[in-house]
Amino acid sequence: VTITTRLLVSHLSGIRHYEKDITKVKEEKEKANRALKLTKSHQDKEQKEKEGKGIEKTDCVKQKKEHDGETKSRNSKPGRKDKEFEQEEYYLKEKFESVIESLKIFKNDPLFFKPGDQFLYSTYGFTLLSAVVERASGQKFTDYMLKMFRDLDMTSTVLDDNEAMIYNRARCYVYNKKGRLVNAPYVDNSYKWAGGGFLSSVGDLLKFGNALLYSYQAGQFKHKNGRLLPGYLKPGTVAMMWTPVPKTEVSWDRDGKYAMAWAVVEKNQQYGCCRQQRHYASHTGGAVGASSVLLILPEELDPEAPGTWPAAPPRGVIVTIICNMQSVSLNSTALKIAREFDKEKQAQ
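Residues numbered from 1 in each chain as written. Predicted model: local features only at pLDDT ≥ 70, side-chain atom pairs only at ≥ 80, totals over all residues. Heavy atoms only, no water.

### What about helix α5 (residues 123-137)?
Part 1 of the argument: Along its 15 residues, α5 runs 21 Å from first to last C-alpha, staying within 8% of the 21 Å computed at 1.5 Å per residue.
Part 2 of the argument: Buried residues along α5 sit in contact with α1 (5-9), α4 (99-102), α6 (141-151) and α7 (193-196).
Part 3 of the argument: Regarding α5, its N-cap is S122, as a side-chain oxygen of that residue lies 3.4 Å from the backbone nitrogen of Y124 further along.
Part 4 of the argument: Downstream of α5 by one or two residues, G138 has phi in the positive range, about 75°. (Helix = DSSP H or I, 4+ residues; strand = E, 2+ residues; numbered from the N terminus. Expected span 1.5 Å × (residues − 1). Contact = heavy atoms within 4.5 Å. Polar contact = N/O pair within 3.5 Å; in protein donor to acceptor, adjacent residues only side chain to side chain.)

What follows is the structure, encoded as C-alpha cells:
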C-alpha cells in the first residue's frame, strides 16, 4: 500500500492509535454511530413537533433540555471517566532520542484498514509525519519545530522535556479510581512530539491562531488596504488546510469534518431565521493530566459591501483554553465564547 503525507495529516492512513485491538476500535465506532443516529432521530422528532404544533412546545422542550444539561454538568466532575486514558501507551516512560527511533513502537503492527478507506484518529500517524518532516528538512524534527515557533514569536512554546527547567511549568492533575484529585503520573512524551509533546501558553496559542488567520485573509486585503506584509503561509495553503476531507469525522463537533490537522465546520444555513452554522476551525488536545483547545472563527468579509472596508487582518475571534486537568471537553465552551465576542463585534 501507499501512505501519503496527506493521508497522515487527515488521519486516513490506517495506522493504529493507542488501541491495538481492531475489534475494540470497531465496537467503539459502532457505538458512536448508534448514538449519532439516536440523536438525529430525536432532533427530527422535535422538528416535526415544531412544524405540527407550533414553536411554543419546542421552546419548552429546549428549555427543559438545557436545564437538564446544566444540572448534569453541575453534578458531574470532568475527567473522571475516559476509556481513552486506560491505554498503557499513554504512560510510556522510555526516553527516545529521535522520532525515527520512536517508530519502533508501531512500525511492525498491521494497518487497521487500507489507506484512504476510513478515518481513524492516530497519534502515531503524526509520529510518522514528524519523521517525514525530519527527512525532508534535513534537520531534527524538534530543532525544525523550535525554529518555527521562534519565527512565530511563540517564545513560551517548548518541548515537554521532564529534565529541563521550564519557567512557569504547571502541575497536572487527574482523578483516581476513587474520584479524588491527584497529581498526574510521570510520563515521557518523547515518543510523540508531533502528537502531544509540546508545552505552550495561552498567549503563544493566540499568536499561532492570529498568524494562521492573517495568512488566510491576507489575500483578500491586498487591493484594498495598500501593501501588506505576506502571511507566514500562503492564503491558498491555509484554505487547503481548512477544507474538509471526505470520509473523515470529528468527535468533538458532529457538524464538523476533519481537514488537514484541523477540524472544520463549514458555513451552512438551510432555512431562514433558523439554525446557522458558522465557518470555524478548531482542534482539541488531550494528554495525561491536561486538556486544551484552539478555535479560530474568521470574520465573514464581504468585499462588495458598501461603506468602509474593515481594518487589516486578522479579522475574527480566536479562543484558546489550556486546562491542567485530564479529559476536559473544551471545544463547545470555546465556541460559545467565540460566538459571544463575534456577536458583540457585529453589534458595534
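### Examining α6
Part 1 of the argument: By the burial criterion, the buried members of α6 are F141, T142, M145 and F149. End-on view of α6: buried residues confined to an arc of 95°, all on one side of the axis.
Part 2 of the argument: Packing partners of the buried residues in α6 comprise α4, α5, β1 (158-159), α7 and β4 (198-199).
Part 3 of the argument: In the stretch just after α6, D153 is the one whose phi turns positive, near 65°. (Buried < 20%, exposed > 50% of the residue type's maximum accessible area, 1.4 Å probe, protein only. Arc of directions from axis to C-beta.)

### Brief notes about the environment of N183
Part 1 of the argument: On the secondary structure map, N183 appears in strand β3 (residues 181-183).
Part 2 of the argument: Between the alpha carbons of N183 and C172 there is a distance of 6.1 Å; along the sequence they are 11 residues apart.
Part 3 of the argument: In this view, N183 contacts R171, C172, Y173 and V174; residues no more than four positions away in its chain are not counted.
Part 4 of the argument: Here the side chain of N183 touches R171 through a polar contact of 3.3 Å, side chain to side chain.

### Description of the pattern of salt bridges
Part 1 of the argument: Under the counting rule described, the total for this entry stands at 16 salt bridges.
Part 2 of the argument: Among the ionic pairs, D153 bridges to K207, the shortest N-O distance being 3.2 Å. One end of the pair, D153, is in the loop between α6 and β1; the other, K207, is in helix α8 (residues 202-221), and 54 residues separate them in sequence.
Part 3 of the argument: On the basis of relative accessibility, which here comes to 42%, the residue D153 falls in the partly exposed class.
Part 4 of the argument: Given the relative accessible area of 32%, K207 is considered partly exposed.
Part 5 of the argument: Close ionic contact of R275 with D255 constitutes a salt bridge, the shortest N to O distance being 2.3 Å. Taken together, the positions of R275 in the loop between β6 (263-265) and β7 (280-287) and D255 in the loop between α9 (235-241) and β5 (257-258) put the pair 20 residues apart, joining distant regions of the chain.
Part 6 of the argument: Three or more residues joined by partner-sharing salt bridges are found here, namely R16, K20, E89 and D109. (Salt bridge = Lys/Arg side-chain N within 4 Å of Asp/Glu carboxyl O.)

### Here's the deal with the side chain of T157
Part 1 of the argument: Locating T157 in the fold gives a position in the loop between α6 and β1.
Part 2 of the argument: A polar atom in the side chain of T157 sits 2.7 Å from the side chain of D204.
Part 3 of the argument: Those residues in contact with T157 that sit more than four places away from it in its chain are L146, F149, F198, L199, S200 and D204.

### Comments concerning the environment of Q139
Part 1 of the argument: Residue position: Q139 is located in the loop between α5 and α6.
Part 2 of the argument: With sequence-adjacent residues up to four places away left out, Q139 is seen in contact with E134 and Y144.

### Quick notes on the nonpolar core
Part 1 of the argument: Core analysis: the largest hydrophobic core is formed by 39 residues, its most contacted members being Y124, L212, W242, W262 and I296.
Part 2 of the argument: Residue contributions to this core peak at 4 residues, all from α5.
Part 3 of the argument: Counting the residues that make up this core, at least three belong to each of domain 1 (1-39 + 82-157 + 188-195) and domain 2 (200-347).
Part 4 of the argument: Counting 15 residues, the second-largest nonpolar core is a separate cluster that includes L297, V319, V328 and A338. (Core = buried A, V, L, I, M, F, W, Y, C linked by side-chain atoms within 4.5 Å. Domains from an automatic or database assignment.)

### A word on the sheet that holds β5
Part 1 of the argument: The sheet built from 5 strands is open, its strands ordered β5-β6-β7-β8-β9 with antiparallel pairing. Edge positions in the sheet fall to β5 and β9 (316-323), since each has one partner strand and no second.
Part 2 of the argument: The pairing of strand β8 (residues 290-298) with β9 spans 8 bridges and is classified as antiparallel. Bridging from a neighbouring strand, I296 pairs with I318 of β9.
Part 3 of the argument: Relative to the sheet, α8 contacts β8 and β9, its axis offset from that of β9 by approximately 150°.
Part 4 of the argument: Taken strand by strand, helix α10 (residues 331-347) contacts β7, β8 and β9, and its axis lies near 150° from that of β9. (Pairing = 2+ DSSP bridges. Axes fitted to C-alpha atoms, helices over the stretch in contact; angles between N-to-C directions.)

### A word on the side chain of S130
Part 1 of the argument: Relative to the helices and strands, S130 resides in helix α5.
Part 2 of the argument: Ignoring any residue separated from it by four or fewer positions in sequence, one finds S130 in contact with V99, F141 and A194.

### A short note on the environment of L206
Part 1 of the argument: Here L206 is to be found in helix α8.
Part 2 of the argument: Classification of L206 by relative accessible area gives partly exposed; the value is 28%.
Part 3 of the argument: The sequence separation of L206 and V319 amounts to 113 residues, and the corresponding C-alpha distance is 7.3 Å.

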